[in-house]
Amino acid sequence: SSPMRADLSIALGSSEVTLLDLTTCYVPFANGGKGVWPHGIKEINDSEGNLLYRRRGSGVGQVVAEKHVRQMNKMLSGVITRGTGKKARINRPAAGKTGTSQEFRDAWFVGYTGNLIAGVWLGNDNGSPMRHVSGGGLPARFWKSVMSEAHQGLPRRIVPGLSENYGINNLYNSKSYNSSLGHFL
């Protein structure tokens, strides 16, 4: 719902969006490709337990092909397992993306598991620079803290395209990692 520029620079992040809009953009990767309408209230009951309101509808349907979802998840899980989002690593398959604006005015991390998705934004309300805060630092650590607690007692749900242990085991000792090339084959 944020206004977007109508030019090619949008791919570089030239338009500002709310954290809710940004986080909502990652939901299709977590759920197999389905777009959703973000919401804050699922249900309202009165003091006697009578249902007053229940949210209806879930979204726009399939917005990303499943094969592309799997490819994106493999790429975005690398952000956490070996990239700029390593400080967000939790004990279950997860994927995400860091972001830092020019002059450190904004720092964010959006990440997800098969169970939950969350976004963290840090910045000053007046747009002034922070002291070298980047998305892979404090926002990633905050995301890790919140998501680790939020997942307590939840069963593991697989992120589409990732195995049960993807990103959890020591990937650098796996046969698919070629240390001389510095990347996964």
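For the structure given in this document, a descriptive report is provided here. (Residues numbered from 1 in each chain as written. Predicted model: local features only at pLDDT ≥ 70, side-chain atom pairs only at ≥ 80, totals over all residues. Heavy atoms only, no water.)

The helix and strand tally for the protein chain stands at three helices and nine strands. Along the chain direction, N to C, the helices and strands of the protein chain fall in the order α-β-β-β-β-α-β-β-β-α-β-β. Counting across all 185 residues of the protein chain, residues that qualify as buried make up 32%. Restricting to contacts in the protein chain with at least 6 residues of sequence separation, those with at least 24 account for 53%. By element, 54% of the accessible surface of the protein chain is carried by carbon and sulfur atoms, the whole surface being about 11800 Å². (Helix = DSSP H or I, 4+ residues; strand = E, 2+ residues; numbered from the N terminus. Buried < 20%, exposed > 50% of the residue type's maximum accessible area, 1.4 Å probe, protein only. Contact = heavy atoms within 4.5 Å. Areas by Shrake-Rupley, 256 points an atom, 1.4 Å probe, with all protein chains shown as cover.)

Pairing is antiparallel across the open sheet formed by three strands, whose spatial order is β5-β6-β7. Of all the strands in the sheet, just β5 (95-100) and β7 (117-123) have a single pairing partner and so form its edges. Direction aside, neighbouring strands of the sheet carry axes that sit 5° apart on average. Lying over the sheet, helix α2 (residues 66-82) contacts β5 and β6 (106-112), oriented at roughly 60° with respect to β5. (Pairing = 2+ DSSP bridges. Axes fitted to C-alpha atoms, helices over the stretch in contact; angles between N-to-C directions.)

For the rest of this paragraph, the subject is α2. An α-helical segment advances 3.6 residues per turn. Residues three or four places apart therefore align on the same side. For α2, which comprises 17 residues, the first-to-last C-alpha distance of 24 Å matches the rise-based estimate of 24 Å (1.5 Å per residue) to within 8%. By the burial criterion, the buried members of α2 are Val 69, Asn 73, Leu 76, Ser 77, Gly 78, Val 79, Ile 80 and Thr 81. Contact partners of the buried residues in α2: α1 (19-31), β5 and β6. (Expected span 1.5 Å × (residues − 1).)

With 13 residues, α1 should cover 18 Å at 1.5 Å per step; its first-to-last C-alpha distance of 19 Å lies within 8% of that length. Where α1 bends most, at Cys 25, the angle is about 25°, and the proline Pro 28 comes one to four residues later. All of the buried residues in α1 are Asp 21, Leu 22, Thr 23, Thr 24, Tyr 26, Val 27, Pro 28, Phe 29 and Ala 30. Once α1 finishes, Gly 32 follows within two positions and takes phi at roughly 95°, a positive value. (Bend = angle between axes of the 7 residues up to and from the residue.)

A few words on the packing of α1 against α2. Put simply, α1 and α2 touch, their axes get as near as 8 Å, and they point 105° apart. Overall, the two elements α1 and α2 adopt an arrangement that is roughly perpendicular. Two secondary-structure elements touch here, α1 through Tyr 26, Pro 28 and Phe 29 and α2 through Val 69, Met 72, Asn 73 and Leu 76. The residue makeup of the contact of α1 with α2, split by class, is six nonpolar, one polar and no charged. (Parallel < 35°, antiparallel > 145°, perpendicular 65-115°, else oblique. Nonpolar A, V, L, I, M, F, W, Y, C, P; charged D, E, K, R; others polar.)

This next bit is on the nonpolar core. Residues Leu 22, Tyr 26, Phe 29, Ala 30, Leu 76, Val 79, Ala 95, Trp 108, Val 110, Tyr 112, Val 159 and Leu 162 constitute the largest nonpolar core, which totals twelve residues. No other element matches the four residues that α1 contributes to this core. In contact with Ala 95, not counting residues within four places along its chain, are Asn 73, Leu 76, Ser 77, Ile 80, Val 110, Gly 111 and Tyr 112. (Core = buried A, V, L, I, M, F, W, Y, C linked by side-chain atoms within 4.5 Å.)

Moving on: the pairing of β5. Here β5 pairs with β6 via six bridges, running antiparallel. If you follow Thr 98 over to β6, its bridge partner there is Phe 109. Hairpin connection between β5 and β6: a loop of five residues separates the two successive antiparallel strands, and Glu 103 in this loop has a positive phi of roughly 60°.

Everything listed here is a matter of geometry and, on its own, says nothing about what the molecule does.
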